[in-house]
Protein chains: 8
Amino acid sequence: MPVSEQPLVGVIMGSKSDWPTMQHAVDMLTQFNVPHEVKVVSAHRTPDLMFEYAQTAEARGLQVIIAGAGGAAHLPGMVAAKTLIPVLGVPVKSRALNGQDSLLSIVQMPGGIPVGTLAIGDAGAKNAGILAAQIVGNHNPAVRDAVRAWRQAQTDDVLANPDPSVANAI
Amino acid sequence: MPVSEQPLVGVIMGSKSDWPTMQHAVDMLTQFNVPHEVKVVSAHRTPDLMFEYAQTAEARGLQVIIAGAGGAAHLPGMVAAKTLIPVLGVPVKSRALNGQDSLLSIVQMPGGIPVGTLAIGDAGAKNAGILAAQIVGNHNPAVRDAVRAWRQAQTDDVLANPDPSVANAI
Amino acid sequence: MPVSEQPLVGVIMGSKSDWPTMQHAVDMLTQFNVPHEVKVVSAHRTPDLMFEYAQTAEARGLQVIIAGAGGAAHLPGMVAAKTLIPVLGVPVKSRALNGQDSLLSIVQMPGGIPVGTLAIGDAGAKNAGILAAQIVGNHNPAVRDAVRAWRQAQTDDVLANPDPSVANAI
Amino acid sequence: MPVSEQPLVGVIMGSKSDWPTMQHAVDMLTQFNVPHEVKVVSAHRTPDLMFEYAQTAEARGLQVIIAGAGGAAHLPGMVAAKTLIPVLGVPVKSRALNGQDSLLSIVQMPGGIPVGTLAIGDAGAKNAGILAAQIVGNHNPAVRDAVRAWRQAQTDDVLANPDPSVANAI
Amino acid sequence: MPVSEQPLVGVIMGSKSDWPTMQHAVDMLTQFNVPHEVKVVSAHRTPDLMFEYAQTAEARGLQVIIAGAGGAAHLPGMVAAKTLIPVLGVPVKSRALNGQDSLLSIVQMPGGIPVGTLAIGDAGAKNAGILAAQIVGNHNPAVRDAVRAWRQAQTDDVLANPDPSVANAI
Amino acid sequence: MPVSEQPLVGVIMGSKSDWPTMQHAVDMLTQFNVPHEVKVVSAHRTPDLMFEYAQTAEARGLQVIIAGAGGAAHLPGMVAAKTLIPVLGVPVKSRALNGQDSLLSIVQMPGGIPVGTLAIGDAGAKNAGILAAQIVGNHNPAVRDAVRAWRQAQTDDVLANPDPSVANAI
Amino acid sequence: MPVSEQPLVGVIMGSKSDWPTMQHAVDMLTQFNVPHEVKVVSAHRTPDLMFEYAQTAEARGLQVIIAGAGGAAHLPGMVAAKTLIPVLGVPVKSRALNGQDSLLSIVQMPGGIPVGTLAIGDAGAKNAGILAAQIVGNHNPAVRDAVRAWRQAQTDDVLANPDPSVANAI
Amino acid sequence: MPVSEQPLVGVIMGSKSDWPTMQHAVDMLTQFNVPHEVKVVSAHRTPDLMFEYAQTAEARGLQVIIAGAGGAAHLPGMVAAKTLIPVLGVPVKSRALNGQDSLLSIVQMPGGIPVGTLAIGDAGAKNAGILAAQIVGNHNPAVRDAVRAWRQAQTDDVLANPDPSVANAI
């Protein structure tokens, strides 16, 4: 996991089993050259670590925390309760309910403590990385431009391959 | 709120707005003469209080904690993460989703940290009080007998009023 | 299935097909040295056995009954209707609805007869075993300490393996 | 509640609060002159009465049992487990989940013990009464003809009032 | 498909693809020696055949129609609209929504036209066969006794194999 | 109900109780001067009328049929099974499930028989009227232009009233 | 992808990954000899192309647009906001929620901008092709007759193969 | 609506009927002295305005856009498709489905275009205002401190009123 310079974004998840999902967030941060750190922090198995992580985030210079969890997913909301920096939540697809429980546990926060919630699963993790970069990009032109270029490339790719029945070049 | 002697059961809830639901738990504990305490403890607004409450529960002699919350209901699960005494969760009916979010946020705990979850709303709160008394009653014959008598009265009431189209006597 | 001394916890399930789920409850009871018994008791196919089992549980010294079932899961609630000892319910994942039917059939009990409900599937079964041990542990220091040690080991394992992208040691 | 001659259909419900729904079943049986009996029988509060009711139904000459219940609705399925006569289930609208819990708890019976389930609420109760009459009508021409006439009148009423924007005559 | 003597039960389904589900209904009718017929009748692709089938069912001596269909499952309800004999509906598991659409399309009939609905999928089909036999058995002692014997064998099988961790004897 | 000249659109509904919803479809057709007819046609109570209506629609010159129904809503799909002209379905809000059953019963048609489905309730009925006009408008410039003008006015109204906290002029 | 003469129907989709679903729409248009065009147009990655496509559709002679998309499926509704020709929406099955999100994102349009929505997945795509042909067929007897013949063949196929347990003849 | 200096946050909504919900976002921005603007921008009725608004947001100095919408809620996602500044989405409670459609239409965005989604209804709108302030606060100490003070007051209020059965002191 590349962790360069002073991290601006912290990516945490409740379990190692969330990694195949959450790595998509990390991939985007890497793509945009946003310094970040990655760690397993479990709301239920390491509650004290979670509080310490959230509580020190602002002082350590983090600008966004991305938290992924599944089932009764309490990590994003509890971290948000202990910090003033923006928290983004990624509902990891759960075994029985396909992430519907994860989604509701993360997004339905009571008034007072916000969690910006993304889609269930890989798409949500990827988008959490992009949204974190967009937030950082508000005051970091290099990151903003990196997102701009990536977005343009994404658009160009669709425009260059309009026929759905033909496999993309390369 | 009657709080007699050393409390054996702690009843907590995330907000004063949960009281109309959670008082049904308290009513049952009072009915069975189970010493208890009642307090607003919010996972999101008072996270430190929540941890301190959970962490000291065992030493203070509590045998059961009943926690009620709505929406992204993290209180029962987070309390359970910080204590070894049994935690019962009551999903309070939420405004948009009628407590479906509360239920999933409470019941879908990952393996390792259990919350015994009751029904959404008043029935669940009432049953949390009864189940707490049943747990206490395992080693407290007076409480066990109080539950037994109450249950028998409940049965007798149905048996004495078999015709659904006639209003009950009294 | 190890069944040692006078059982304190009874683990029952509606069908042999529930065993791959319910064995996780039994594994935890074994882990914590809680004497237990295991049996197939079907609400629909052996209703008389179910009533007899529930009715004699208290006299036989059981302190908790764990009941697992799927679909229109009536076993936990009906057992609870016939005993005063605490009943924990495990919603087994069903074929068409992934256990959503099992969950609602177990948790939505009317006021008067409580079932402490755990998560759908393996996590729920595991947690039922842990919660039963926590209940027993209220008056059994050895069991309480066994749960405490296991919980601490679980926490230590997360703390020792913070990088999600690296496979755990051992 | 008119209970004439030897009842052919038994209408039971888990609570007096189910009567406003279940009376629609009784109304239809009365309409078709099907002898019937009506009683509160609670799966959870009077389990022994429930078993006795189901067990003696065949010998007492019942040809159909209609059972209505809400929430974790176990009455229809448990009655079906104790008798060989056809059981029809009516999911009563529940407070938090509008009868979705009642529906799943009744309809999702495991293979081996059937419950013929009707719609949630009033329409379902009405239809349970009609379906019971259709079953009785298989060998009772007077009941069959009563249903036939009622159904024809229902059709004629629609045909005579084709304009939705005009209030029906009478 | 064995079709002996004058059929008493008609088993229809919307498509050949429903056969793996619906054969469980036929298996039970065969088990109980209930004369039956089996046919593909599609509400949407052969609406006229469907009406003719329903309309002639009573005169042809059918006592029950079992109709299985998936998705926007209109077959059971439309058949019920055209006959006075009892109609049982089996929601076949659909590709996207696992039969939740099938279930609601069948069970939520408006007041006036009942369909006795069984569980989604194989269990529902099996139970439709059993329930049809129970209805026929009201006036056919041989069928009633066949169901009684099968039910007893089912109970005995559970009682003889109480240990879930041991594979059943042949 | 204004029914001028040869109707091009037929608006039918399963019950008079659907009128408060379905009148929004009629209002739009009137707004766009699309000749139309309105009638109660029940799939379950008047199945023969339904078939006759659908079967004769093409010969009578209808270009679109709008069918509204609630619960197990079979009207749109069954009409579509009996005609080659486009059928639009409106899921009417049902009592217990708020139209979720209506929606799935209408939209989840099997491959072969399409129903173009609109939103649940008033918005869906209004949009059915607009979509019918758009279809007619393909070959009827006056209707196309009427829709164009109405859509432009709708846009202008939003543009003229950008401040949400101020009541609209007029 | 055969694109003959002046297209009358445009088939668009948000991503190449939607092609396995959407090709069923194209197959039906080909079957009925309806001239059509096919293109990837993404609401989120190529919003300007989407607007241009919708905006020029009428002038280019399109009579129907079929738009397929999954998840937060905005393509059909946004295209409908920018054209007066009828738009049909196909909810593509999504990974986590099986197309329930796609369905609601497409069908629940506010009053004013209609999208005629078909079933989730392959059946919906196929039906979108048929419904488009039915709309075109209103003023194109050859297309109407092609649909008629195909529908009759579909009916004949069911009638010729009534036994579900026997594989169809070639 | 107070709109002071160069706005940093834009609050838009699809309809004036969303104002009672969305004003909670505006209230929080006002509370924290975050300069903002408020406007009705409809994805479906004013698509060109929507694109222009999104497209010019960055140049106009906005740092966050909050977009609220209900039903098939396309506004947040489509705005996000046309800007690089962070977009927060508020699912407004819808009439039939209580905002479940709004939530899924907003949160389930495909990988590539993120929307940070808040809870359904008032709580979500309030939290969108707070989260926007937290994002702005990353580089604006006055706003960060205003959020900090408000959060502390919120905590203090709970701590000062621990008894749920007693009304708060003024």
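Residues numbered from 1 in each chain as written. Chains lettered and ligands numbered in written order. Predicted model: local features only at pLDDT ≥ 70, side-chain atom pairs only at ≥ 80, totals over all residues. Heavy atoms only, no water.

**Here's the deal with the overall build of chain A**
Here is the rule we go by: Working definition: helices are DSSP H or I runs of at least four residues, strands are E runs of at least two. Numbering for both runs from the N terminus. Radius of gyration here is computed from C-alpha atoms only, and the compact-globule reference equals 2.2 Å multiplied by the residue count raised to the power 0.38. For every residue, the accessible area (1.4 Å probe, protein chains only) is compared with the maximum for its type, and the residue is labelled buried under 20%, exposed over 50%, or partly exposed between those bounds. By definition in these notes, contact holds between two residues if any of their heavy atoms fall within 4.5 Å. Residue exposure ignores everything except the shown protein chains as possible cover, and the areas themselves are Shrake-Rupley values with a 1.4 Å probe. In this tally, Lys and Arg are treated as positive and Asp and Glu as negative; His is ignored, and so are the chain termini. Where a charge lies is defined by one atom per residue type, namely NZ (Lys), CZ (Arg), CG (Asp) and CD (Glu).
Regarding its fold elements, chain A presents six helices and five strands. Scanning chain A from its N terminus toward the C terminus, one meets helices and strands in the order β-α-β-α-β-α-β-α-β-α-α. Taking 15 Å as the expected radius of gyration for a compact globule of 170 residues, we find that chain A reaches 16 Å, a close match to that expectation. Along the first, second and third principal axes, the C-alpha atoms of chain A reach 50 × 40 × 30 Å. Expressed as a percentage of the 170 residues in chain A, the buried residues total 67%. Taking all contacts inside chain A whose residues are at least 6 apart in sequence as the whole, residues at least 24 apart take part in 66%. Here chain A has roughly 5200 Å² of accessible surface; of this, 53% comes from carbon and sulfur atoms. With 11 positive and 13 negative side-chain charges, chain A shows a separation of 5 Å between the mean positions of the two kinds.

**Let's talk about the relation of the copies chain F and chain G**
Going by this rule: Copies are brought into register by a least-squares superposition over C-alpha atoms of residues with pLDDT of at least 70 in both.
Here chain F sits on chain G after a turn of 180° about the axis and a move of 0.0 Å along it, with an RMSD of 0.0 Å. Accordingly, the operation relating the two chain copies is best matched by a two-fold axis. When the interface residues of chain F are mapped onto chain G, 100% of them are again interface residues, pointing to one common binding face.

**Some words on helix H4 (residues 100-107) of chain H**
The buried count for H4 of chain H comes to seven of eight residues, which makes it a mostly enclosed element. Taken as a whole, H4 of chain H has its buried residues at Asp101, Ser102, Leu103, Leu104, Ser105, Ile106 and Val107 of chain H.

**Focus on the environment of Trp19 of chain D**
The residue Trp19 of chain D is located in helix H1 (residues 19-31) in this model. Classification of Trp19 of chain D as buried rests on a relative accessible area of 12%.

**Regarding the arrangement of the chains**
Nothing in chain A touches chain D, and the closest approach of their C-alpha atoms is 16 Å. The two units chain B and chain E are non-contacting; their minimal C-alpha-C-alpha distance is 18 Å.

**Overview of the UniProt feature "binding site: substrate" (unreviewed entry) in chain A**
Residues and elements named next belong to chain A. Heads up, the condition is: UniProt positions are given in the numbering used here, feature names are shortened, and annotations may be inferred rather than shown by experiment.
Residues annotated by UniProt as "binding site: substrate" (unreviewed entry) correspond here to Ser15, Asp18 and Arg45. Within the element layout of this structure, Ser15 appears in the loop between strand S1 (9-13) and helix H1 (19-31). Those residues in contact with Ser15 that sit more than four places away from it in its chain are Val40 and Arg45. Among the secondary structure elements, Arg45 is positioned in the loop between strand S2 (36-40) and helix H2 (47-57).

**Things to note about the packing of helix H1 (residues 19-31) of chain C against helix H5 (residues 122-137) of chain C**
Residue and element names in this part refer to chain C. Let me state the cut-off plainly: Whenever a helix is involved, its axis is fitted only over the stretch in contact; in every case the axis is a line through C-alpha atoms, and angles between N-to-C directions fall within 0 to 180 degrees. Oblique is the label for every angle not falling under 35 degrees (roughly parallel), over 145 degrees (roughly antiparallel), or within 65 to 115 degrees (roughly perpendicular). Helix crossings fall into two classes, left-handed where the near helix is turned counterclockwise from the far one by less than a right angle and right-handed where it is turned clockwise. Residue type decides the class: Asp, Glu, Lys and Arg count as charged, Ala, Val, Leu, Ile, Met, Phe, Trp, Tyr, Cys and Pro as nonpolar, and the leftover types, Gly among them, as polar.
Relative orientation of the contacting elements H1 and H5 amounts to 30°, with a least axis distance of 7 Å. When the axes of H1 and H5 are compared, the pair comes out roughly parallel. Every pair of crossing elements has a handedness; the one defined by H1 and H5 is right-handed. On H5, the residues that touch Pro20, Thr21, Met22, His24, Ala25, Met28 and Leu29 of H1 are Asp122, Ala125, Lys126, Gly129, Ile130 and Ala132. Here the residues of the contact of H1 with H5 are counted per class, giving eight nonpolar, three polar and two charged.

**Here's the deal with the interface of chain H and chain A**
What counts here: Each of two parts loses accessible area, computed with a 1.4 Å probe, when they are put together; buried area is these two losses added. The term salt bridge refers to a side-chain nitrogen of Lys or Arg lying within 4 Å of a carboxyl oxygen of Asp or Glu. Distance and chemistry together define a polar contact, namely a pair of N or O atoms within 3.5 Å, with one atom able to donate a hydrogen and the other to accept it when in protein, and with adjacent residues in sequence counting only for side-chain atoms on both sides.
Facing the 41 residues of chain H at the interface are 41 residues of chain A. Between chain H and chain A, the buried area comes to about 3400 Å², and carbon and sulfur atoms account for 55% of it. Summed over the shared surface of chain H and chain A, the result is four salt bridges. We note a salt bridge from Glu58 of chain H to Arg148 of chain A, for which the minimum N-O separation is 2.9 Å. Linking chain H with chain A are 28 residue pairs in polar contact (both at pLDDT 80 or more). At the level of secondary structure, the elements contributing two or more residues to the side of chain H that touches chain A comprise H4, strand S5 (116-117), helix H5 (122-137) and helix H6 (141-160) of chain H.

**Remarks on the side chain of Gln134 of chain E**
On the secondary structure map, Gln134 of chain E appears in helix H5 (residues 122-137). A polar atom in the side chain of Gln134 of chain E sits 3.0 Å from the backbone oxygen of Leu84 of chain D. At 3.2 Å, the side chain of Gln134 of chain E forms a polar contact with the backbone oxygen of Ile85 of chain D. Apart from residues no more than four positions distant in its own chain, Gln134 of chain E is found in contact with Thr83, Leu84, Ile85, Pro86 and Pro114 of chain D together with Arg144, Val147 and Arg151 of chain E.

**A short note on the pairing of strand S1 (residues 9-13) of chain G**
Residue and element names in this part refer to chain G. Note the threshold: DSSP calls a pair of strands paired once it identifies at least 2 bridges connecting them. Consider the strands pointing away from the viewer: the crossover is right-handed when the path from the first strand over the helix to the second runs clockwise.
Counting buried positions over the five residues of S1 gives five, a clear majority of the element. Of the two faces of S1, both are covered, the one formed by Val9, Val11 and Met13 as well as the one formed by Gly10 and Ile12. Pairing geometry for S1 and strand S2 (residues 36-40), over five bridges, is parallel. Directly across from Gly10, in S2, lies its bridge partner Glu37. Following the backbone out of S1, through helix H1 (residues 19-31) and into the adjacent parallel S2, one traces a crossover that is right-handed. Alignment of S1 against strand S3 (residues 64-70), held across five bridges, turns out to be parallel. Bridge pairing in S3 places Val9 opposite Val64.

**Some thoughts on the packing of aromatic side chains**
What counts, and what does not: In summary, the pairing rule links any two rings of Phe, Tyr or Trp, Trp by its six-membered ring, whose centres are within 6.5 Å, and it sorts them by plane angle into stacked for under 30 degrees, edge-to-face for over 60 and tilted for everything else.
Counting across every chain of the model gives 12 aromatic pairs over all chains. Relative to Phe51 of chain B, the ring of Phe51 of chain A lies with its centre 3.8 Å away and its plane at 0°, an arrangement referred to as stacked. In this pair, Phe51 of chain A sits in helix H2 while Phe51 of chain B sits in helix H2 (residues 47-57), so the two residues belong to two different chains. Like Phe51 of chain B, Phe51 of chain A is buried. Measuring from centroid to centroid gives 5.9 Å for Phe32 of chain E and Trp150 of chain E, while their planes differ by 90°, and the two rings are edge-to-face. Of this pair, Phe32 of chain E sits in the loop between helix H1 (19-31) and strand S2 (36-40) while Trp150 of chain E sits in helix H6 (residues 141-160), and the two are 118 residues apart along the sequence.

**Considerations on H1 of chain C**
Residues and elements named next belong to chain C. Our working definition: The length a helix should cover is 1.5 Å for every residue beyond the first.
For H1, built from 13 residues, the straight-helix expectation of 18 Å at 1.5 Å per residue is met to within 8% by its first-to-last C-alpha distance of 18 Å. Every buried residue of H1 is accounted for by Trp19, Thr21, Met22, Ala25, Val26, Met28 and Leu29. On its buried face, H1 is in contact with strand S1 (9-13), strand S2 (36-40), strand S3 (64-70), strand S4 (87-92), H5 and helix H6 (141-160). Phi turns positive one or two residues past the end of H1, at Asn33, with a value near 55°.

**Describing the pattern of salt bridges**
All names here are of chain E. Throughout the structure, instances matching the rule amount to 48 salt bridges over all chains. Note that Arg148 and Asp145 form a salt bridge whose closest N and O atoms lie 3.7 Å from each other. Taken together, the positions of Arg148 and Asp145, both in helix H6 and three residues apart, correspond to about one turn of that helix. What makes Arg148 partly exposed here is its relative accessible area of 36%.

**Considerations on the environment of Ala125 of chain G**
All names here are of chain G. Structurally, the position occupied by Ala125 is in helix H5 (residues 122-137). Ala125 sits 99 residues away from Val26 along the chain, and the two C-alpha atoms are 8.3 Å apart. When sequence neighbours within four positions are dropped, the list of residues in contact with Ala125 reads Thr21, Met22, His24, Ala25 and Val90.

**What about the side chain of Ser94 of chain D?**
Residue and element names in this part refer to chain D. Checked against the element boundaries, Ser94 lands in the loop between strand S4 (87-92) and helix H4 (100-107). At 2.8 Å, the side chain of Ser94 and the backbone nitrogen of Gly99 are in polar contact. Ignoring any residue separated from it by four or fewer positions in sequence, one finds Ser94 in contact with Gly71, Gly99, Asp101 and Ser102.

**Observations regarding the interface of chain F and chain G**
The partner chain G presents 41 residues to the 41 residues of chain F that form the contact. Interface area for chain F against chain G, summed over the two sides, is near 3400 Å², with a carbon-plus-sulfur share of 55%. Of all residues in chain F, Leu84, Pro114 and Arg151 of chain F give up the largest surface area on contact with chain G, accounting jointly for 20% of the area buried on that side. At the boundary of chain F and chain G, one finds four salt bridges. Its salt-bridge partner being Arg144 of chain F, residue Glu58 of chain G comes within 3.2 Å of it at the nearest N-O pair. Connecting chain F to chain G are 28 residue pairs in polar contact (both at pLDDT 80 or more). Of all the elements in the fold, those that place two or more residues in the side of chain F that touches chain G are helix H4 (100-107), strand S5 (116-117), helix H5 (122-137) and helix H6 (141-160) of chain F. In terms of residues, the side of chain F that touches chain G owes the most to one element, H5 of chain F, which gives seven residues. Partitioned by chemical class, the residues of the side of chain F that touches chain G number 23 nonpolar, 12 polar and six charged.

**Focus on the UniProt feature "domain: PurE" (unreviewed entry) in chain A**
The feature "domain: PurE" (unreviewed entry), as given by UniProt, occupies residues 7-158 of chain A in the numbering adopted here. Secondary structure content for residues 7-158 of chain A is 48% helix and 16% strand, while the C-alpha to C-alpha distance between its ends is 33 Å.

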